[in-house]
Amino acid sequence: MGNNRAGQDTSGIPCNLCGSSGADELSLVDRDGNHLRTVICRNCGLVWTDPRPAGVREFYEKEYRLRYKGTYKPKPKHVYRAGKVAVARYERIRGYIRKEMSLLDVGSGGGEFIYLMRKVGCKTIGIEPNEGYAGYAVSEYGLDVRAGFMQDAMLEDGSQDIVTMWHVLEHTEDPTLVIGMAGGWIRQGGILALEVPNVEATCMSPPHRFHLAHLYNFNPDTLRRLGEKAGLKIVEQAVSGDGGNITAIFRKHEVAIPPDSLFIDGNYDRIAGVVRNHTVARHYASRHPYLRFAKKIRSALDEKISTINYAGGKRLLDGIFGLQADAPLRLGDPD
Ligand SMILES: [Zn+2]
């Protein structure tokens, strides 16, 4: 790997993490078999789409939910699925949550996660670019969800104890700017929790790795370094059991010391190696596709049974969240 690293610049967009313009082509197809050019930075290993698809903002406002879920408003099975995911996300940050904390969720979708966080005692705000989903979260759960992009949100610096971004960063045009903004809204000692797909994942079929809607792709090193660049300190990082997602938790400190160099030694070879070695033949020789299929069938059944007597998102989520909301949180000031 890396034998073409001396080649000429192949990206029209400089690296969003390290600023280098030296990048190599990594893939030319997306998960739907369409042409999508993906490049990797030779200096740090950040992976992005170049050229970028036109009209990114409009795409998110209107098209995204339609294209991937077939509807503007969440269907019962989507509320159910998102409710289960909300519980898992809460469990991941629970150790950092105290009653009365302010929590901002960027990309709050149908509002399921912040509805749970409000139930456990947080003061919540959501930002969601899709108007249909944002409106649903307001009317169904009475949440404070603002329709729009975070770049347009009017929030005070240092006003939030916790900012969460679940599967948001990969969709943004400028991850450095987005992390910097989130870092600005967090008070000293506050937390930024985020999750993104892992570019090193091998749990999906190889042609499914790159996605028109994902402008950037991260591995644990590039994600950590992006936070450090914004002056945040990593306190926890984990890759999901199937290798598909990375969760990172950063803390904001009074004295921010960004890294001296944004070069990440060996990261290019590591990522390019994983992507280029993950072939269709190897994938179907592994146990991943069969496990995924079995899981899909089980989830579909579970969703069917659990939404049979659907009487609105609130009723459904109240059932899923009942136990979580009753569990005691730690009292007092966070460290
Ligand atoms: Zn770079």
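Since the structure is predicted, the reported quantities are computational estimates derived from the model, not experimental observations.

S.K.: Just to check I follow, could you spell out the overall build of the chain for this structure?
M.R.: Of regular secondary structure, the chain possesses ten helices and eleven strands. A separation of at least 24 residues holds for 70% of the contacts in the chain among residues at least 6 apart in sequence. Counting only carbon and sulfur atoms, one obtains 53% of the accessible surface of the chain, whose full area is about 15600 Å².

S.K.: Just checking my understanding: could you explain helix α4 (residues 131–141) for this structure?
M.R.: Along an α-helix, residues three or four positions apart point the same way, because every turn accommodates 3.6 residues. Those residues of α4 that fall on the buried side of the exposure criterion are Gly-132, Tyr-133, Ala-134, Tyr-136, Ala-137 and Tyr-141. Capping the start of α4, Asn-130 holds a side-chain oxygen 3.0 Å from the backbone nitrogen of Gly-132, two or three residues further along. Directly after α4, the chain includes Gly-142, whose backbone phi takes a positive value near 65 degrees.

S.K.: Sorry if this is basic, but what is going on with the pairing of strand β10 (residues 232–239) here?
M.R.: Where a strand is regular, its side chains alternate between the two sheet faces. In this structure, β10 lies alongside strand β11 (residues 245–252), joined through seven bridges in antiparallel fashion. What sits directly across from Leu-232, in β11, is Lys-252. As consecutive antiparallel partners, β10 and β11 are separated by five residues, and within that stretch Gly-243 has a phi angle of approximately 80 degrees, a positive value.

S.K.: Sorry if this is basic, but what is going on with the coordination of the zinc ion here?
M.R.: Perfect tetrahedral coordination of a metal by four donors corresponds to 109.5 degrees between them, and perfect octahedral coordination by six donors corresponds to 90 or 180 degrees. Surrounding the zinc ion are the protein donor atoms Cys-15 (SG), Cys-18 (SG), Cys-41 (SG) and Cys-44 (SG), at 2.3 Å. Coordination at the zinc ion is tetrahedral, judged from the four donor atoms that bind it and the angles of 101 to 120 degrees they form at the metal. Sequence spacing of the donor residues for the zinc ion, all on one chain, is C-x2-C-x22-C-x2-C.

S.K.: Just checking my understanding: could you explain the pattern of salt bridges for this structure?
M.R.: Here the idea is simple: oppositely charged side chains can pair when their charged atoms come close. Going through the model one piece at a time under the given rule, you end up with 14 salt bridges. Across the pair Arg-37 and Glu-25 runs a salt bridge whose closest N-O atoms are separated by 2.6 Å. Taken together, the residues span a long stretch of sequence, with Arg-37 in strand β2 (residues 35–41) and Glu-25 in strand β1 (residues 23–29) at a distance of twelve residues. On the basis of relative accessibility, which here comes to 37%, the residue Glu-25 falls in the partly exposed class. A salt bridge links Arg-187 to Asp-161; the nearest nitrogen and oxygen atoms lie 2.5 Å apart.

S.K.: How should I be thinking about the packing of helix α2 (residues 76–93) against helix α9 (residues 288–306) in this particular structure?
M.R.: For any two helices packed against each other, one specifies the inter-axial angle together with the distance between the axes. Where α2 contacts α9, the axes come no closer than 9 Å and their chain directions differ by 110 degrees. Between α2 and α9, the crossing angle belongs to the class labelled roughly perpendicular. The two elements α2 and α9 cross, and the hand of that crossing is right-handed. Judged by residue contacts, Lys-77, Tyr-80, Arg-81 and Lys-84 of α2 engage Asp-302, Glu-303 and Ser-306 from α9. Across the contact of α2 with α9, the residue classes break down as one nonpolar, one polar and five charged.

S.K.: Any chance you could explain the sheet that holds strand β8 (residues 186–197) here in plain terms?
M.R.: Each strand in a sheet pairs with its neighbour through backbone hydrogen bonds, running either in the same direction (parallel) or in the opposite one (antiparallel). An order of β6-β5-β4-β7-β8-β11-β10 is seen for the seven strands of this open sheet, with the pairing classed as mixed. This sheet does not close on itself; its edge strands, each paired only once, are β6 (145–147) and β10. Within the sheet, the average angular offset between the axes of one strand and its neighbour, ignoring direction, is 15 degrees. Two strands pair when backbone bridges link them, and strand β7 (residues 160–166) and β8 are joined in this way by six bridges, in the parallel orientation. Bridge pairing in β8 places Trp-166 opposite Glu-195.

S.K.: Sorry if this is basic, but what is going on with the side chain of Arg-225 here?
M.R.: Inspection of the secondary structure puts Arg-225 in helix α6 (residues 220–229). Take Arg-225: its relative accessible area is 12%, and that puts it in the buried class. What Arg-225 contacts, discounting residues up to four positions off in sequence, is Leu-17, Pro-259, Ser-261, Leu-262, Phe-263 and Ile-264.

Rules and cut-offs
Residues numbered from 1 in each chain as written. Predicted model: local features only at pLDDT ≥ 70, side-chain atom pairs only at ≥ 80, totals over all residues. Heavy atoms only, no water. Helix = DSSP H or I, 4+ residues; strand = E, 2+ residues; numbered from the N terminus. Contact = heavy atoms within 4.5 Å. Areas by Shrake-Rupley, 256 points an atom, 1.4 Å probe, with all protein chains shown as cover. Buried < 20%, exposed > 50% of the residue type's maximum accessible area, 1.4 Å probe, protein only. Polar contact = N/O pair within 3.5 Å; in protein donor to acceptor, adjacent residues only side chain to side chain. Pairing = 2+ DSSP bridges. Donors = N, O, S within 2.8 Å, 3.2 Å for Na, K, Ca; no water. Tetrahedral: all angles 85-135°; square planar, octahedral: opposite > 155°, others 65-115°. Salt bridge = Lys/Arg side-chain N within 4 Å of Asp/Glu carboxyl O. Axes fitted to C-alpha atoms, helices over the stretch in contact; angles between N-to-C directions. Parallel < 35°, antiparallel > 145°, perpendicular 65-115°, else oblique. Left-handed = near helix turned anticlockwise from the far one by under 90°. Nonpolar A, V, L, I, M, F, W, Y, C, P; charged D, E, K, R; others polar.

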